[in-house]
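Summary of structural features
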Amino acid sequence: MAITRRSFLKGTAGAGVASLVGPSLLVSASAKAAETDGVWKVSGSHWGAFRARVWAGKVQEIKPLEVDKYPTDMLNGIKGIIYSPSRVRYPMVRLDWLKKHKYAAETRGNNRFVRVTWDEALDLFYRELERVQKDYGPYALHAGQTGWRQTGQMHSCNNHMQRAIGMHGYSVKKVGDYSTGAGQTILPYVLGSTEVYAQGTSWELILENSDNIILWANDPVKNLQVGWTCETHESFEYLEQLKQKVADKEINVISVDPVKNKTQRYLENDHIYVNPQSDVAFMLGLAHTLYTEDLYDKKFIDTYCLGFEDFVNYVTGKTKDKVEKTPEWAADICGVSADKIREFARMLVNGRTQLLFGWCIQRQEHGEQPYWMGAVLAAMIGQIGLPGGGVSYGHHYSGIGVPSTGFAKPGSFPLNLDQGQTPKYTNQDFKGYSRVIPVARWVDSLLEPGKVINANGAKVTLPDIKMMVFSGNNPWHHHQDRNRMKKAFRHLHTVVAIDFAWTATCRHADIVLPACTQFERNDIDGYGAYSGRGLLAMHKLVDPLFQSKTDFEIMTELTRRWGRSEDYTRGMTEMEWVKSLYDDCRAANKGKFDMPEFDEFWEQGLLDFGKGKPWTRHAAFREDPEINALGTPSGFIEITSRTIGKMGYKHCQEHPMWFEKTERSHGGPGSEKHPYWLQSCHPDKRLHSQMCESEEFRATYAVQGREPIYINPTDAKSKGIKDGDLVRVFNDRGQLLAGAVVTDSYAPGVVRIEEGAWYGPLNEKIGAIDTYGDPNTLTMDIGSSELAQATSANTCLVDFEKFVGEAPPVTAFGGPIEVS
């Protein structure tokens, strides 16, 4: 439904105050002038809420809603998503798979596809589901991968895919995610919850009470541009205040990081350089100082913690390796001088100190250890549960730290079967294989089916997977070691990809189904993932392009093939579902938030409930640890975990420890051959791989059409590389081309290529150069430890050189090679 200024005013005239967005939603003068050339529609995205001017059936212009005072420039990339040359236009089937009616392993990834009708594609999809269930069983189908689906509660592609597949039969699922795999596994043993996705102490309390803020491997200015639901960007108001407090020397902010990140450049705060992957050594040196100088909070340790003595015995060299973890010992590893370590430790207990950790630090080998040590340091400081003190693992994510209103956000399209329903195939015999595996170990399953691995206290038998289904999910972005993936994918019989963009996952699939973008359908979404700021109407901007369909339509047609489409839809249409989710939300909030009837809300576009009340994480536990016990086995902070100790793991023992990495720069293992550490953190100009296909926006940061590689000037000079040159980056796992950006924000020996760059191999051969610059061409595919088995992307050494000769064309974008 089009929302013009006239209809907006008419629709809000009689609404309650809590339902109004106020004058901030009214269109600007320039927008009013353009209103004669189309209509303005309200929608939202991971990058924020916006108004789109639609004219002649096309989105002409996008502007952020004025309620968003700190919009990201990534909104400028949305048109490029809708109208990208990389759109999946039609149902496509891989040529050799179709010709041979088998998996044709040797040509997988050659990007040669045949256009088919929707009926043909869905028939093939159904045929393969039938074949796998009949010939093998549920262990042979993996349909559990999920990712950053497009926003919108009704059209959540993850839910649609898993509900539909679940109506056919059982399949292998995953546990954990790529974002926080190590952290979310270790922290329940230490602090009683995953912490990484938990609401944190409110920013305003941090600003009011903190004397020291430690941004440890944390870049909120970069990462808070996006959110899981429609992002409000309210955090930037607090970051702006923090910048002023830094300038006025009211708060001491220190970034602990191998690079000078975007947040540090914005805040102009102090920086502690730490050698890559050596944070735990640095932390142990800090703990040694706090203990030996008697600076730690004994009362807090005695009252709220367990296992401190065992940890101290390790730090003082009485147990384990018998090495005392002095600042001098730590300095040799982490690159911070012993005197600086002692100075830093004393600063931590000089006033109220808030530790804010990012997620990159746990995406490495032994990634459980830095998060565990962060909790130990916070316990020794003794300020957990105080406003402006303690530890947080999520203040860079989705507006964590913005006070919550308590608004109950709408539910989503149901993931599971309805009560009493059973799938067509009820076989649950997994033949001894595990039905749930760690999310990052599915490639291991393809290469070594039947192998038994340890994972979080259990034995996991890797299943013999024959078929995988991906919906709105791009494993050829988020998994590691592309050439290992190529080998693994050759073991699959059938791969189905459902997406709107021709990603590398589509390139390596057998059946590709064109989903539409979120901007080509109707939906609702929470406004503010953690703040609960309000509710947003996501109006369809344009009709689905080419032959794309909504996930709802695709899965309805798929389930029709075994007579379950009515069960799948519950007999409801798209808009009936949207209205139902709204009505349920309205009922859940009755008496607390005034929500109008659906039609009135739909015309308004946004319900804004304002700001919530400040809150302190772990305050209840600090007030009474017996009544408000943590979720750990003991109910207390477990500095030493007897539960983990009993698991008997080599690389994750009963308390945090220093473990040497398989690869580590600055004199560590492997650095003689490949001396540079490759950091592949979350990107600044997209959401993981989303928006990389937006051509005009990509051109604002690409270098000679390639993903940037950020290099220190000294390192660049030693290689004869200048800003703007093409660079070949390589190690024993692969090679890629990238464009040089020479900057002193990166220390010698450290380079960065941001993850999410689309994989564009020159051809399907193993070892082929990646033409655009996907860092996971080079990263290592090993588990963090036997506990989490999480991704270790940041354990990665490389070398690089100036590229000489004629550069190959970029193959990452555009559609397939269409064959008649």
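Note that the structure is predicted; figures quoted are calculated from it, not measured.

Some details on the overall build of the chain
- Helix and strand counts for the chain stand at 29 helices and 30 strands.
- By the burial criterion, 65% of the 820 residues in the chain qualify as buried.
- A sequence separation of at least 24 residues applies to 76% of the contacts in the chain between residues at least 6 apart.
- Working note: accessible area of the chain is about 27900 Å², and carbon and sulfur atoms make up 48% of it.

Side note on the packing of aromatic side chains
- This model, assessed by the stated rule, comprises 45 aromatic pairs.
- Note on Phe113 and Trp502: the rings are 5.0 Å apart at their centroids and 90 degrees apart in plane angle, and the pair reads as edge-to-face. A residue pair is termed long-range when its members are at least 10 positions apart, and Phe113 in strand E5 (residues 112-115) and Trp502 in the loop between strand E18 (494-499) and helix H21 (504-507) qualify at 389 residues.
- According to the relative accessible area criterion, Phe113 is buried, its value standing at 0%.
- Since its relative accessible area comes to 3%, Trp502 is described here as buried.
- Looking at Arg698, its charged tip hangs above the ring of Phe813, at a distance of 3.6 Å from the centre.
- The cationic tip of Arg728 hangs over the ring face of Phe730; the distance from NZ or CZ to the ring centre is 4.1 Å.

Observations concerning the pairing of strand E12 (residues 353-357)
- For E12, the tally of buried residues reaches 5 of 5 residues, placing the bulk of the element in the interior.
- On E12, burial covers both faces: Thr353, Leu355 and Phe357 on one face and Gln354 and Leu356 on the other are all buried.
- Looking at chain direction, strand E8 (residues 212-216) and E12 are connected through 5 bridges and run parallel. Its bridge partner being in E12, Asn212 is matched across the sheet by Thr353.
- In terms of strand pairing, E12 meets strand E13 (residues 390-392) through 3 bridges, oriented parallel. Counted as the bridge partner of Gln354 is Gly390 from E13.

Looking at the side chain of Asp523
- Counting through the fold element by element, Asp523 comes out in strand E20 (residues 523-527).
- Buried charged residue Asp523 carries no salt bridge. Nearest counter-charge: Arg521, at 4.6 Å.
- Among the polar contacts made by the side chain of Asp523, one reaches the main-chain amide nitrogen of Met154 at a distance of 2.8 Å.
- Within the structure, the side chain of Asp523 is placed 2.9 Å from the backbone nitrogen of His155, a separation counted as a polar contact.

A short note on the UniProt feature "domain: Molybdopterin oxidoreductase N-terminal" (unreviewed entry) in the chain
- The sites that carry the UniProt feature "domain: Molybdopterin oxidoreductase N-terminal" (unreviewed entry) are, in the present numbering, residues 43-83.
- Strand forms 34% of residues 43-83 and helix 12%; the C-alpha atoms that close the span are 17 Å apart.

Section: helix H6 (residues 157-168)
- For H6, built from 12 residues, the straight-helix expectation of 16 Å at 1.5 Å per residue is met to within 8% by its first-to-last C-alpha distance of 17 Å.
- Buried within H6 we find Cys157, Asn158, Asn159, His160, Met161, Gln162, Arg163, Ala164, Ile165, Gly166, Met167 and His168.

Re the sheet that holds strand E6 (residues 141-142)
- Strand order in the open sheet formed by 7 strands is E6-E17-E18-E19-E4-E5-E30, with mixed pairing between adjacent strands. Bordering the open sheet on either side are E6 and strand E30 (817-818), each of which pairs with just one other strand.
- Pairing between strand E4 (residues 92-94) and strand E19 (residues 511-514): 2 bridges, direction antiparallel. Opposite Val93, over in E19, you have Ile511 as the bridge partner.

Structural notes on the nonpolar core
- Membership of the largest hydrophobic core comes to 103 residues, with the highest contact counts inside it found for Trp216, Phe282, Phe311 and Phe344.
- Looking at which element gives the most residues to this core, the answer is helix H17 (residues 368-381), with 10 residues.
- Beyond its immediate chain neighbours, meaning those up to four positions away, Trp216 contacts Val256, Asp279, Phe282, Met283, Leu286, Phe344, Leu356, Phe357, Gly358, Ile361 and Leu377.
- Listed in part, the 85 residues of the second largest apolar core include Met154, Phe407, Met485 and Val819.

Considerations on the pattern of salt bridges
- Under the counting rule described, the total for this entry stands at 53 salt bridges.
- Close ionic contact of Arg642 with Asp310 constitutes a salt bridge, the shortest N to O distance being 2.7 Å. Of this pair, Arg642 sits in helix H27 (residues 642-647) while Asp310 sits in helix H14 (residues 308-315); the two residues are 332 residues apart in sequence, bridging distant segments of the chain.
- The partly exposed category is assigned to Asp310, whose relative accessible area is 26%.
- Here Glu597 ties to Arg586 by a salt bridge, and the two come within 3.1 Å at their closest N and O atoms. Placement of Glu597 in the loop between helix H24 (574-588) and helix H25 (598-604) and of Arg586 in helix H24 is noted, with a sequence separation of 11 residues between them.
- Given a relative accessible area of 49%, Glu597 falls into the partly exposed group.
- Residues joined by salt bridges that share partners form a network here, namely Arg441, Asp444, Arg484 and Asp781.

Observations concerning the sheet that holds strand E10 (residues 270-272)
- Spatially, the 5 strands line up as an open sheet ordered E10-E9-E8-E12-E13, and their pairing is parallel. Looking at strand neighbours, the two that pair on one side only are E10 and E13, the edges of this open sheet. Strand-to-strand twist in this sheet, taken as the mean axis angle between neighbours without regard to direction, amounts to 20 degrees.
- The sheet contacts of helix H12 (residues 279-292) involve E8, strand E9 (252-256), E10 and E12, and relative to E8 the element is tilted by about 150 degrees.

Concerning the packing of helix H15 (residues 327-334) against helix H16 (residues 338-348)
- H16 packs onto H15 with a crossing angle of 110 degrees between their chain directions and a minimal axis gap of 8 Å. Classified by the angle their axes make, H15 and H16 are roughly perpendicular. Two packed elements cross with a definite hand, and for H15 against H16 that hand is right-handed. In this structure, H15 uses Pro327, Glu328, Ala330, Ala331 and Cys334 to contact H16, whose residues at the interface are Ala338, Ile341 and Arg342.
- Looking at side-chain class alone, the contact of H15 with H16 contains 6 nonpolar, no polar and 2 charged residues.

Description of unusual backbone geometry
- Not every positive phi belongs to a glycine, and Ala104 is a case in point at roughly 45 degrees.
- Positionally, Ala104 belongs in the loop between helix H4 (95-100) and E5.

Thoughts on the environment of Ala105
- If you trace the backbone, Ala105 turns up in the loop between H4 and E5.
- Placed 386 residues apart in sequence, Ala105 and His491 show a C-alpha to C-alpha distance of 7.1 Å.

Points about the environment of Phe730
- Mapping Phe730 onto the fold places it in strand E26 (residues 726-731).
- Residue Phe730 is classed as buried on the basis of its relative accessible area, which comes to 18%.
- If near-sequence neighbours (up to four positions away) are discounted, Phe730 is found in contact with His674, Gln735, Leu778, Val798, Asp799, Phe800 and Glu801.

With respect to the state of the cysteines
- The full count for this structure, using the stated rule, is 0 disulfides.
- We note that Cys157 lacks a disulfide partner, and the nearest cysteine sulfur, in Cys516, lies 11 Å from it.

So, the packing of H12 against H15
- Closest axis-to-axis distance for the H12/H15 pair is 8 Å, and the angle between their directions is 165 degrees. Classified by the angle their axes make, H12 and H15 are roughly antiparallel. H12 and H15 meet at a crossing whose hand is left-handed. Across the interface between the two elements, Ala281, Phe282, Leu284, Gly285, His288 and Thr289 of H12 pack against Pro327, Trp329, Ala330, Ile333 and Cys334 of H15.
- When grouped by side-chain class, the residues that make up the contact of H12 with H15 number 8 nonpolar, 3 polar and no charged.

The rules behind each value
- Residues numbered from 1 in each chain as written.
- Predicted model: local features only at pLDDT ≥ 70, side-chain atom pairs only at ≥ 80, totals over all residues.
- Heavy atoms only, no water.
- Helix = DSSP H or I, 4+ residues; strand = E, 2+ residues; numbered from the N terminus.
- Buried < 20%, exposed > 50% of the residue type's maximum accessible area, 1.4 Å probe, protein only.
- Contact = heavy atoms within 4.5 Å.
- Areas by Shrake-Rupley, 256 points an atom, 1.4 Å probe, with all protein chains shown as cover.
- Phe/Tyr/Trp six-rings, centres within 6.5 Å; stacked < 30°, edge-to-face > 60°.
- Lys NZ or Arg CZ within 6 Å of the ring centre and 35° of its normal.
- Pairing = 2+ DSSP bridges.
- Lys, Arg positive; Asp, Glu negative; His and termini not counted.
- Salt bridge = Lys/Arg side-chain N within 4 Å of Asp/Glu carboxyl O.
- Polar contact = N/O pair within 3.5 Å; in protein donor to acceptor, adjacent residues only side chain to side chain.
- UniProt positions renumbered as here; feature names shortened; annotations may be inferred.
- Expected span 1.5 Å × (residues − 1).
- Core = buried A, V, L, I, M, F, W, Y, C linked by side-chain atoms within 4.5 Å.
- Axes fitted to C-alpha atoms, helices over the stretch in contact; angles between N-to-C directions.
- Parallel < 35°, antiparallel > 145°, perpendicular 65-115°, else oblique.
- Left-handed = near helix turned anticlockwise from the far one by under 90°.
- Nonpolar A, V, L, I, M, F, W, Y, C, P; charged D, E, K, R; others polar.
- Disulfide = S-S within 2.5 Å.

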